[in-house]
Amino acid sequence: MRQTVAIEKLSIVSLEQQFGLKRTAETDFFSEWQTSLPTLSEYEQARVQHILSIYENFEKRAALENTVNLTVVSPLLDAAGLFLPPFYIETEKSVEIVGKDNDITIKGRLDMAIIKDSLWVLTIESKRAGFSLVVGIPQVLAYMLAAPTAQKILYGMVTNGRNFVFIKLDRYSAAPVYSQSKEFIIDQDNGLTQTLQIIKRLVGITDV
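Residues numbered from 1 in each chain as written. Predicted model: local features only at pLDDT ≥ 70, side-chain atom pairs only at ≥ 80, totals over all residues. Heavy atoms only, no water.

Moving on, we come to helix 2 (residues 42–59). For helix 2, spanning 18 residues, the distance from its first C-alpha to its last is 25 Å, which sits close to the expected 26 Å at 1.5 Å a residue. Turning to helix 2, its buried residues are Glu 44, Arg 47, Val 48, Ile 51, Leu 52 and Tyr 55. The arc enclosing the buried residues of helix 2, seen along the axis, measures out at 135°, which places them on a common side. Among the exposed residues of helix 2, those oriented more than 90 degrees off its buried face are Glu 42, Tyr 43 and His 50. (Helix = DSSP H or I, 4+ residues; strand = E, 2+ residues; numbered from the N terminus. Expected span 1.5 Å × (residues − 1). Buried < 20%, exposed > 50% of the residue type's maximum accessible area, 1.4 Å probe, protein only. Arc of directions from axis to C-beta.)

Here the focus is the confidence of the model for the protein. Chain-level statistics for the protein give a pLDDT mean of 79 and a share of 73% at 70 or above. By mean pLDDT, the top-scoring element of the protein is strand 9 (residues 177–180) (96), and the lowest-scoring one is strand 4 (residues 104–112) (54). Note on residues 125–130: pLDDT is under 50 here. Beyond four places in sequence and across chains, it has 16 contacts. (pLDDT = per-residue confidence, 0-100. Contact = heavy atoms within 4.5 Å.)

The biggest cluster of nonpolar side chains holds 31 residues, and the ones touching the most others in it are Leu 82, Phe 164, Phe 166, Leu 192 and Ile 199. Contributing elements (two or more residues each) for this core: helix 2, helix 3 (65–79), strand 6 (119–123), strand 7 (153–159), strand 8 (163–170) and helix 5 (191–206). A total of 6 residues in this core trace back to one element, the largest contributor, which is helix 5. Here Phe 166 is in contact with Phe 30, Gly 156, Met 157, Ser 179, Gln 180, Ser 181, Phe 184, Thr 195, Ile 198, Ile 199 and Leu 202, once residues within four sequence places are set aside. (Core = buried A, V, L, I, M, F, W, Y, C linked by side-chain atoms within 4.5 Å.)

See the structure below:
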């Protein structure tokens, strides 16, 4: 009898068991987040500082998810040019994937967003902006596995508005293979600047 599981309850272990997903240790598999990062223009640097100032203003008040989305995530994606053609954003996108043994169906809804067809962004549904990214990584991987596109390679970003991590997935190897970047923190070690640089780098790859 097939079992239905909410995507919010997924773990990396469950994806490994149901879909054969593997995390690669090869450093060259996902070098895009470290190499050939674009230099930000003065305008983009000013946008980063403006977003950071807004974040610091709301951070003291333990901002709720919608506030974080409005004040941090959306301006960041806009600064990267993702609100203009050929990119687009879909919100509240339903997804359903079936396990390799056909005995489990995973259902869920992506709040935000699919951008073009090979770059996915997930804002974690959380009561507080400080919620761990651990819960979001298996969610975005599940959405990427189920993406109704022909692309072999997909990229994802998971954020709670303060922390950011990037993911690369190869869906069509012998088994699905993924890797992830280190975690970037908005107000530490130029984390927001590096995040914008990486988004722009991935935009350059996917904008083909």
